[in-house]
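Commentary on secondary and tertiary structure
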Amino acid sequence: MTAEPLRDHARLVDRQPTLSGEEIVEYLTPPRQFLTASLDTYRPDRDYQSQGAAVAAIRTFAAVWTTRSGGLFSRRRTAPALPGVYLDGGFGVGKTHLLAALWHLAPGRKYFGTFIEYTALVGALGYASAVKLLKGASLVCIDEFELDDPGDTRLMSRLLSELVASGSRIAATSNTPPNALGEGRFAAQDFLREIDALSAKFTTIRVDGLDYRRRDVEGHAVSLAHVDLMAAVDTVDGEVTVDAFDAVLKHLGTVHPSRYVKLVDGLDGIALTDVHQFSNQTDALRFVAFVDRLYDAQVRIFATGIPLDQIFADDMLSGGYRKKYLRAISRIIALTSGKV
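Residues numbered from 1 in each chain as written. Predicted model: local features only at pLDDT ≥ 70, side-chain atom pairs only at ≥ 80, totals over all residues. Heavy atoms only, no water.

**A word on the nonpolar core**
The nonpolar side chains of soluble globular proteins are, as a tendency, buried together. L272, F278, F287, F290, L308 and F312 are the most contacted members of the largest nonpolar core, which has 41 residues in total. Those elements that provide at least two residues to this core are α12 (245-252), α13 (260-263), β7 (269-275), α14 (281-297), β8 (300-305), α15 (314-317) and α16 (322-337). Not counting residues up to four positions away in its chain, the partners in contact with L308 are A221, F245, V275, F287, I301, A303, I332 and T336. Among the nonpolar cores identified, the runner-up in size contains 29 residues, and Y111, L159, L160 and F202 belong to it. (Core = buried A, V, L, I, M, F, W, Y, C linked by side-chain atoms within 4.5 Å. Buried < 20%, exposed > 50% of the residue type's maximum accessible area, 1.4 Å probe, protein only. Helix = DSSP H or I, 4+ residues; strand = E, 2+ residues; numbered from the N terminus. Contact = heavy atoms within 4.5 Å.)

**Some points on the pairing of strand β2 (residues 110-114)**
Taken across its 5 residues, β2 has 5 buried, putting it largely inside the fold. Residues K110, F112 and T114 line one face of β2 and the alternating positions Y111 and G113 line the opposite face, and both faces are buried. For β2 and strand β3 (residues 139-143), the ladder comprises 5 bridges, and the chain directions are parallel. The residue bridging T114 from the neighbouring strand is D143, located in β3. (Pairing = 2+ DSSP bridges.)

**Describing the pairing of β8**
A regular strand places its side chains so that they alternate between the two faces of the sheet. Sheet topology places β7 next to β8; 5 bridges connect them, and they run parallel. Residue pairing across strands places V275 opposite G305, the latter belonging to β8. Taken together, β7, α14 and β8 form a β-α-β motif whose crossover is right-handed. (Right-handed = clockwise from strand over helix to strand, strands pointing away.)

**Points about the sheet that holds strand β6 (residues 240-244)**
With respect to topology, 3 strands assemble into an open sheet ordered β6-β7-β8, the strand pairing being parallel. Two strands bound the open sheet, and with one partner strand each, they are β6 and β8. With strand direction ignored, the average angle separating the axes of adjacent strands in the sheet is 15 degrees. Relative to β7, β6 is paired through 5 bridges, and the arrangement is parallel. In the strand pairing of β7, V242 is matched with A271. (Axes fitted to C-alpha atoms, helices over the stretch in contact; angles between N-to-C directions.)

The following block contains the structure:
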């Protein structure tokens, strides 16, 4: 018999988040753990020279904002910088840290969001209003640029073209599996092909390396007995929800992924009971998007059942969404271990 969550704890499934276009804009800043990120606090892995080179490349990209104040003479002597930069590499190599550090260096109005947040903004405000809002920003950062949906990718390509034409600079990241020789190059080629006319305006920066989250945390996601889960929940100083895994999956299907950020807002932890392996990819991909928002907000995960890093079946891990699932596993291990 499966154990039911205790009734005196809040439930995630009772949350019904709404998110207006104006609220989406308010969230267009780096995730909580990167609010003070800088190039100086990035820890390059000495075994991978591309990480140190990436720091130098970001400094070069950002230099345009300082050299512009150097007068007409300095502008003539400085070669024009490309308006876009694309960080290509595996998950857990610090691309988001570098992107957030660049955002902090940019002057004036600037935005930082995930691909899905920008497409949701267009959906909420309409294309023309979204362009009007973003136009003229010094920098627009897109974390986790997606190539899965051709329609959304084309929409973002058109949006970025208009922003570049208005003088905005663009920075983007995308994940490729770590230690997979050649896959990073293919991801970069796919990205550049999809953004069509913008491709010549992007500098691609390769970031190799191992998942930094696994430098300090090894093994599997932590799974608890029910009595231990409730004891762990009661030690958290803050709000924790307790739900059955299946109930959460059903609830995620009723909430647009762009609202997951509001779904976890204010939480310090979530508890999931009776975790099991996914039987369909739709639920799995929704859960990946949910884990991304949990990780951004640094929300602890407590769980019973199978370890959460084992919820993706072998055929999922070998399919087209492999990189998404591997990134989610990396983040789940960190969130269940308490290393957040």
